[in-house]
Amino acid sequence: MTAARPAPLRIVIASRESRLAIWQAEHVRQRLARLYPQTAIEILGMSTRGDQILDRPLSTIGGKGLFIKELEVAMRAGRADLAVHSMKDVPMDLPEGFVLAAVSARENPSDAFVSSRFASLADMPAGAVVGTSSLRREATLRAAWPQLQVRALRGNLDTRLRKLDTGEYDAIILAAAGLMRLGLAARISSLLSPEDCLPAPGQGALGIEVCSDRAEMIALVAPLHDSATDQCVRAERAFSRALGGSCQLPLAAHAILECDCLWLRGFVATPDGRQMLTGECRGNPDDAESIGCALAETLRCRGATAILEKLGLGR
């Protein structure tokens with residue numbers, strides 16, 4: 001029997017510097033500290049290009065990879081051992097040399113309606129302004145609530161709440177998980193059910209990224225892995241990947257485990273919401289990625305390829 005490898009003297013976690021990102025890194029730090037009490041675990045806060053460029057939609061400046069590139073550079077250079085990400089911000093294909101070593105148990109994956117004036121989207125009058133940073137949410141809003149004005153909303157969570165509070169928007173849509181993690185659940189006016197607004201792939205889950213040649217680090221974070229969440233997230237990400245999922249494509253995917261069966265729902269749409277193809281697929285959780293690919297193929301057969309081509313994303 002091989003002896004257990006001793007924990008390192010020091011672990012450095014790379015993180016974006018937003019309050020939510022630091023909370024996520026601190027959450028992982030505390031869990032690792034309980035597992036390895038003799039190890040000094042530090043957080044290396046970093047500013048990424050995605051955090052710095054706030055005057056343009058994310059879909060026009062390079063996509064979600066802008067939030068993690070600097071963290072990967074730090075890991076490759078040996079300045080950090082791992083990075084913690086919100087899974088909805090992780091590109092569908094990681095750069096060569098990196099791996100998702102663990103996906104932790106999911107927080108509430110729903111979107112949250114936040115407003116100091118209205119209780120829900122249904123309460124908002126025609127012409128009211130809703131802010132969102134997501135083409136997925138924008139397409140959903142334009143399809144189901146065409147009487148509302150949808151405007152772009154960038155910045156970290158605190159910046160977005162401040163813009164709401166100063167009257168730039170009548171309401172904003174945010175991921176519920178971030179608000180809950182920061183103790184801001186009271187700001188949520190109502191939660192949007194998956195039927196009203198299907199979540200983004202990976203929403204509510206945290207991923208731990210490490211260099212693929214760091215076998216010892218992969219083993220150290222393994223206890224943080226939640227297999228049920230991982231199965232759902234793998235199905236969601238496989239669906240997105242099969243459709244070339246990027247910030248330029250309004251796409252949603254949400255999976256749950258139900259009676260030993262994985263149930264995946266997804267959609268692909270145009271940003272104006274005028275074309276939206278939805279579907280679902282069920283199967284064995286062990287076949288999570290196959291389920292995601294099968295649903296993507298179903299939507300392609302029903303016209304998703306034409307939507308992708310219209311958006312310049314066909315392949």
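The preceding data block contains the structure.
What you see is a predicted model, and the numbers here were worked out from it, not measured in a lab. (Residues numbered from 1 in each chain as written. Predicted model: local features only at pLDDT ≥ 70, side-chain atom pairs only at ≥ 80, totals over all residues. Heavy atoms only, no water.)

J.: So what exactly am I meant to see when it comes to the sheet that holds strand β2 (residues 40–46) here?
T.: Where strands meet in a sheet, backbone hydrogen bonds hold them as pairs that are either parallel or antiparallel. Spatially, 5 strands are ordered β2-β1-β3-β10-β4 in an open sheet, and the strand pairing comes out mixed. Edge positions in the sheet fall to β2 and β4 (98–103), since each of these pairs with one other strand and no more. Neighbour-to-neighbour, the strand axes of the sheet open up by a mean angle of 30°, direction not taken into account. Pairing of strand β3 (residues 82–86) with strand β10 (residues 206–211), which is carried by 4 bridges, proceeds in the antiparallel orientation. From the neighbouring strand, Ala 83 faces β10, where its bridge partner is Glu 209. Most of the contacts of helix α1 (residues 19–35) go to strand β1 (residues 10–16), to which it runs at about 160°, and overall it touches β1, β2, β3 and β10. Across the sheet, helix α3 (residues 69–76) lies against β1, β2, β3, β4 and β10, angled at about 40° from β10, the strand it touches most. (Pairing = 2+ DSSP bridges. Helix = DSSP H or I, 4+ residues; strand = E, 2+ residues; numbered from the N terminus. Axes fitted to C-alpha atoms, helices over the stretch in contact; angles between N-to-C directions. Contact = heavy atoms within 4.5 Å.)

J.: Please clarify how the sheet that holds strand β13 (residues 276–283) should be interpreted in this entry.
T.: Taken together, 3 strands build an open sheet; the order of strands is β11-β12-β13 and the sheet is antiparallel. Two strands bound the open sheet, and with one partner strand each, they are β11 (251–258) and β13. Geometrically, the sheet is characterised by an average inter-axis angle of 10° between neighbouring strands, direction not taken into account. Contacting β11 and β12 (261–269), helix α8 (residues 227–242) runs over the sheet at an angle of about 150° to β11.

J.: Whenever I open this one, the nonpolar core confuses me. Can you help?
T.: Soluble, globular proteins show a tendency: their nonpolar side chains are buried together. Membership of the largest hydrophobic core comes to 21 residues, with the highest contact counts inside it found for Phe 239, Leu 243, Leu 262, Leu 264 and Val 268. Those elements giving two or more residues to this core turn out to be α8, β11, β12, β13 and α9 (288–310). With 8 residues, the top contributor of residues to this core is α9. Apart from the residues lying within four places of it in its own chain, the contact partners of Leu 264 are Ala 235, Glu 236, Phe 239, Ala 253, His 254, Ala 255, Gly 279, Glu 280, Cys 281, Ile 291, Gly 292 and Leu 295. Of all hydrophobic cores here, the second largest spans 17 residues; its members include Ala 25, Ala 102, Ile 208 and Leu 224. (Core = buried A, V, L, I, M, F, W, Y, C linked by side-chain atoms within 4.5 Å. Buried < 20%, exposed > 50% of the residue type's maximum accessible area, 1.4 Å probe, protein only.)

J.: Any chance you could explain the pairing of β12 here in plain terms?
T.: Regular strands place their side chains on alternate faces of the sheet. Most of β12 sits inside the fold, with 9 of its 9 residues counted as buried. The pairing of β11 with β12 spans 8 bridges and is antiparallel. Of the residues in β12, the one forming a bridge with Ala 252 is Phe 267. From the end of β11 to the start of β12, which pair antiparallel, there are 2 residues, and Cys 259 there has a positive phi angle of about 55°. Across 8 bridges, β12 lies against β13 in antiparallel orientation. Residue Arg 265 lies in a different strand from β13, and its bridge partner there is Glu 280. Counted between consecutive antiparallel strands, the loop separating β12 from β13 contains 6 residues, among which Gly 273 sits at a positive phi close to 75°.

J.: Looking at this model, I keep getting lost on α9. Mind explaining?
T.: Because an α-helix packs 3.6 residues into every turn, residues spaced three or four apart end up facing the same way. Between its first and last C-alpha, α9 extends only 29 Å over 23 residues, short of the 33 Å set by a 1.5 Å rise per residue. The sharpest bend along α9 reaches about 80° and sits at Cys 301. On its buried face, α9 is in contact with α8, β12 and β13. Positive phi shows up at Gly 312, right after α9, with a value of about 75°. (Expected span 1.5 Å × (residues − 1). Bend = angle between axes of the 7 residues up to and from the residue.)

J.: I'm lost on the environment of Leu 251 in this one. Help?
T.: The residue Leu 251 is located in strand β11 in this model. In this structure, the C-alpha to C-alpha distance between Leu 251 and Gly 155, residues 96 residues apart in sequence, is 21 Å.

J.: What's the story with the packing of α8 against α9 in this structure? I'm lost.
T.: When two helices pack together, their arrangement is given by the angle between the helix axes and the distance between those axes. α9 packs onto α8 with a crossing angle of 35° between their chain directions and a minimal axis gap of 7 Å. Crossing of α8 over α9 shows right-handed handedness. Residue-level contacts link Gln 231, Arg 234, Ala 235, Ala 238, Phe 239 and Ala 242 of α8 to Ala 288, Glu 289, Gly 292, Cys 293, Leu 295, Ala 296, Leu 299 and Arg 300 of α9. Across the contact of α8 with α9, the residue classes break down as 9 nonpolar, 2 polar and 3 charged. (Left-handed = near helix turned anticlockwise from the far one by under 90°. Nonpolar A, V, L, I, M, F, W, Y, C, P; charged D, E, K, R; others polar.)

J.: Which parts of the structure should I look at to understand unusual backbone geometry?
T.: For residues other than glycine, phi is negative in most cases, and the peptide bonds are mostly trans. Within the chain, Cys 259 stands out as a residue other than glycine whose phi angle is a positive 55°. At Asp 260, a residue that is not glycine, the phi angle is positive and equals roughly 65°. For Asp 260, the location among the structural elements is in the loop between β11 and β12. The class for Asp 260 is exposed, based on a relative accessible area of 76%.

J.: How should the pattern of salt bridges be read in this particular structure?
T.: Between side chains of opposite charge, a pair can form as their charged atoms come close. This model, assessed by the stated rule, comprises 20 salt bridges. Across the pair Glu 258 and Arg 282 runs a salt bridge whose closest N-O atoms are separated by 3.2 Å. Of this pair, Glu 258 sits in strand β11 while Arg 282 sits in strand β13, placing them 24 residues apart in sequence. Each of Arg 16, Lys 88 and Asp 89 takes part in salt bridges that share partners, so that together they form one network. (Salt bridge = Lys/Arg side-chain N within 4 Å of Asp/Glu carboxyl O.)

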